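Residue-level structure breakdown
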Amino acid sequence: MRVLVYTSSSCPYCKKVKNFLREHGVTFKEINLNFHRSAARELKEKTGQTGVPVTLAGNYKIVGFDENKLRRILRIK
Amino acid sequence: MQFTLKRKSEETSSEGVKSHFEAVIIGAGPAGLTAAIYLGRSKIDTVIFEKMVPGGYIVSTDWIENYPGFPDGVSGEELGGLFEKQSSKFGVRTENVEVTGVDFEARPMIVETMNGSYTASAIIVATGTKSKKLGVPGEDELIGKGISLCATCDAPFFEGEDIVVVGAGNSGIQESLYLSKFARSIRIIEFLDHPTAERILLDRIKEIGKIELLLSHRVTRFIGDDRLTGVEVEKRDFNQKRILDVKGAFIYVGLVPNAGFLKGSIDMDKEGFIETNQELKSSKEGVFAAGDVRITSLRQVATAIGDGALAAFKVRQYLEGR
């Protein structure tokens with residue numbers, strides 16, 4: 001499953017999500033909105049979200065650091 | 001210092017397992033990390049439990065100019081990272097785990113975390129604060145859909161948009177300056193008839209031009225179904241309501257303590273800030289509080305640093321005097 005994590009540089013919950021995915025060996029692509037400013041508009045149009053982190057995994061969207069949802073969707077024990 | 005943190009239940013089964021510490025610090029913000037530096041240098045066996053990321057609330061602060069030693073200013077993220085680097089240099093490790101409960105009556109005291117139970121002879125609570133919400137209709141539903149509590153996190157979503165910032169204290173003004181790099185226009189809504197931010201910050205918003213102060217106004221509701229489309233504001237005394245057409249709102253109206261897990265186990269004021277004496281002792285023996293989470297008249301990095309140093313000194317005296 002392709003995992004995309006939208007982040008910004010000084011967002012603490014973004015670091016939580018990235019640390020969690022790394023700890024559990026999940027490969028993901030990070031899109032930092034501070035360096036990809038057009039991605040913010042795309043994400044807003046696609047999901048309605050105006051906050052990070054947002055994790056897109058397959059057809060699923062996980063907003064914020066939601067450990068239970070991350071575990072369930074990414075099948076992490 | 002080398003050790004491995006494991007669940008208490010594993011204590012007897014694994015060599016090198018550690019579940020008791022002379023001192024436990026809850027929270028790795030400026031106060032907690034400063035206490036760790038002092039305790040580490042005193043060779044007091046200490047661990048920090050932090051549920052988010054080291055650095056605390058400041059990591060999401062764009063720029064800090066009133067902390068001495070950085071004449072050109074420093075980002076909150078960088079400063080938090082430096083604090084952690086310095087504390088780990090003296091042997092205090094930061095564990096990324098949430099504390100879920102405490103028993104301050106037991107001896108040694110018990111700290112429950114998501115990873116298991118630990119015991120401690122002394123505890124410093126340095127859990128800091130988080131942003132206060134306004135508590136008006138529409139707010140909870142639209143957080144993340146136009147409303148944000150963190151400008152440095154979410155500013156890129158508001159490129160070219162008209163937005164509001166609620167609160168004209170230091171945080172509101174400082175973050176408005178950051179947001180002005182993205183937004184088309186910013187209106188800062190302040191309930192008081194004057195801004196409370198430092199003069200130097202207020203001078204800067206005048207220079208930028210696209211920031212307007214709406215004094216003596218309060219937000220009465222946020223409007224929008226799945227996205228924020230407007231903010232209803234009311235002018236104090238006149239009961240005049242009007243709607244500002246904006247796509248974004250950032251809230252900086254104060255702080256609430258991160259101390260809910262301590263409710264009932266320690267004396268607090270009605271807002272949940274911890275009561276301490278001048279030596280930072282709480283109502284429970286062996287428990288100290290430092291930084292923004294305690295009752296104090298100023299919450300700044302500089303004051304948290306002083307608190308962390310004093311709390312560590314008092315912990316050391318307490319441990320030596322037992």
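Counting of residues starts from 1 at the beginning of each chain's written sequence and follows it residue by residue. Chain letters start at A and ligand numbers start at 1, both assigned in the order the entries are written. The model is predicted, so local features are restricted to residues of pLDDT at least 70 and side-chain atom pairs to those at 80 or more, both for listing and for counting; the totals for chains, interfaces and linings are taken over all residues.

**Focus: unusual backbone geometry**
- Note that the residue after Val52(A), namely Pro53(A), is joined by a cis bond; omega there is 5 degrees.
- The omega angle of the peptide bond from Arg107(B) to Pro108(B) is -5 degrees, so this bond is cis rather than trans.
- A positive phi angle, close to 60 degrees, is found at Lys43(B), a residue other than glycine.
- Exposure criterion: with C-beta atoms placed from backbone coordinates, a residue whose C-beta has 20 or more other C-beta atoms within 10 Å is buried, one with 12 or fewer is exposed, and one in between is partly exposed. Judged by C-beta crowding, with 11 C-beta atoms within 10 Å, Lys43(B) ranks as exposed.

**Some details on the sheet that holds strand E10 (residues 147-148) of chain B**
Residues and elements named next belong to chain B.
- Following DSSP output, two strands are said to pair if at least two bridges run between them. Per the convention used, a helix needs a DSSP run of H or I reaching at least four residues, while a strand needs a run of E reaching at least two, with both numbered from the N terminus. Spatial ordering of the open sheet is given by E10-E17-E11-E12-E13, a layout of five strands whose pairing is parallel. Edge positions in the sheet fall to E10 and strand E13 (211-214), since each has one partner strand and no second.
- Taken together, the five bridges between strand E11 (residues 162-166) and strand E12 (residues 185-189) define a ladder with parallel strand orientation. Looking at E12, one finds that Asp162 is bridged to Ser185.
- Sitting on the sheet, helix H5 (residues 170-179) touches E11, E12, E13 and strand E17 (248-251), and the angle it makes with E11 is about 160 degrees. This entry defines residue contacts through backbone-placed C-beta atoms, with two residues in contact when those atoms are within 7 Å. Between N-to-C directions, angles cover 0 to 180 degrees, with each direction set by a line fitted to C-alpha atoms, over the stretch in contact for helices.

**Concerning helix H2 (residues 37-47) of chain A**
Residues and elements named next belong to chain A.
- Looking at H2, one finds that the buried residues are Ala40, Leu43 and Lys44. Projection of H2 onto a plane perpendicular to its axis shows the buried side chains occupying an angular sector of 100 degrees, all on one side. Among the exposed residues of H2, those pointing more than 90 degrees away from its buried face are Ser38, Glu42, Glu45 and Lys46.
- Looking at the buried positions of H2, the neighbouring elements they touch are strand E1 (3-7) and strand E3 (54-57).
- A positive backbone phi angle near 80 degrees is found at Gly48, which sits one or two residues after H2. Starting at the helix axis, one direction is taken to each C-beta atom, and the arc is that of these directions.

**Brief notes about helix H1 (residues 30-41) of chain B**
Residues and elements named next belong to chain B.
- Taking 1.5 Å of rise per residue, the 12 residues of H1 would be expected to cover 16 Å, and the 17 Å separating its terminal C-alpha atoms lies within 8% of that figure.
- Within H1, 11 of the 12 residues are buried, which leaves it mostly tucked inside the rest of the structure.
- Taken residue by residue, H1 has Pro30, Ala31, Gly32, Leu33, Thr34, Ala35, Ala36, Ile37, Tyr38, Leu39 and Gly40 as its buried positions.
- Residues of H1 that are buried make contact with strand E3 (20-26), strand E4 (46-50), helix H2 (76-89), strand E8 (116-125) and helix H7 (301-321).
- A positive phi of about 60 degrees marks Lys43, the residue just after H1. Helices are assigned an expected span. That span is 1.5 Å times one less than the residue count.

**Describing the environment of Asp72(B)**
- With respect to the element layout, Asp72(B) can be found in the loop between E4 and H2.
- Here the alpha-carbon distance between Asp72(B) and Glu275(B), two residues 203 residues apart in the chain, equals 35 Å.

**Some details on the domain arrangement of chain B**
Residues and elements named next belong to chain B.
- Domain parsing of chain B yields domain 1 (4-130 + 255-321) and domain 2 (133-251).
- Throughout the structure description, domain borders are defined by an automatic or database domain assignment. Just the C-alpha atoms count here: the centres of domain 1 and domain 2 sit 33 Å apart.
- Taken together, the contact pairs four residues of domain 1 with seven residues of domain 2.

**Concerning the nonpolar core**
All names here are of chain B.
- By size, the foremost hydrophobic cluster in this structure holds 54 residues, and its most contacted members are Ala23, Val24, Ala35, Ile123, Ile124 and Val125.
- If you tally residues by element for this core, the top one is H1, at seven residues.
- The contacts of Val125, once residues within four sequence positions are left out, are Ile26, Gly27, Leu262, Ile274, Val287, Ala289 and Val293. A set of buried residues qualifies as a nonpolar core if it consists of Ala, Val, Leu, Ile, Met, Phe, Trp, Tyr and Cys joined through C-beta atoms within 7 Å.

**As for the pairing of strand E6 (residues 99-103) of chain B**
All names here are of chain B.
- Summarising the sheet, E6 and strand E7 (residues 109-113) pair through four bridges and their orientation is antiparallel. Bridge pairing links Val99 to Thr113 in E7.
- With antiparallel pairing between neighbouring strands as the criterion, E6 and E7 make up a hairpin whose turn holds five residues.

**Re the sheet that holds strand E16 (residues 240-244) of chain B**
Residues and elements named next belong to chain B.
- In spatial order, the strands read E14-E15-E16; together these three strands make up an open sheet with antiparallel pairing. Every other strand in the sheet has two partners, leaving strand E14 (217-223) and E16 as the edge strands with one partner each. If you compare each strand with its neighbour and ignore which way they point, the axes differ by 25 degrees on average.
- Pairing of E14 with strand E15 (residues 230-235) involves six bridges; the strand directions are antiparallel. Bridge pairing in E15 links Val219 to Val233.

**What to know about the interface of chain B and chain A**
- Taken together, the 21 residues of chain B in the interface contact 20 residues of chain A.
- Breaking the side of chain B that touches chain A down by element, the ones donating at least two residues are H2 and helix H4 (151-154) of chain B.
- Residue contributions to the side of chain B that touches chain A peak at three residues, all from H4(B).
- Following the grouping adopted for this structure description, the nonpolar residues are Ala, Val, Leu, Ile, Met, Phe, Trp, Tyr, Cys and Pro, the charged ones are Asp, Glu, Lys and Arg, and the polar ones are all others, Gly among them. Broken down by class, the residue content of the side of chain B that touches chain A amounts to seven nonpolar, eight polar and six charged.

**A few points about the packing of H1(B) against H7(B)**
All names here are of chain B.
- Where H1 contacts H7, the two axes come as close as 7 Å, and the packing angle between them is 40 degrees. Between H1 and H7, the interaxial angle falls into the category oblique. Handedness of the crossing formed by H1 with H7: right-handed. Here Pro30, Ala31, Gly32, Leu33, Thr34, Ala35, Tyr38 and Leu39 of H1 come into contact with H7, specifically with Val301, Ala304, Ile305, Asp307, Gly308, Ala309, Ala311, Ala312, Phe313 and Val315.
- Looking at side-chain class alone, the contact of H1 with H7 contains 14 nonpolar, three polar and one charged residues. Roughly parallel means an angle under 35 degrees; roughly antiparallel means over 145; roughly perpendicular covers 65 to 115; every other angle is labelled oblique. Left-handed describes a crossing in which the near helix is turned anticlockwise from the far one by less than a right angle; the clockwise case is right-handed.

**Description of the environment of Ile44(B)**
Residue and element names in this part refer to chain B.
- Positionally, Ile44 belongs in the loop between H1 and E4.
- Overall, Ile44 belongs to the buried group, with 21 C-beta atoms counted inside 10 Å.
- Remark: the alpha-carbon pair of Ile44 and Ala23, spanning 21 residues in sequence, is separated by 7.1 Å.
- Setting aside anything within four residues of it in sequence, one finds Ile44 in contact with Glu22, Ala23, Leu39, Arg316 and Leu319.

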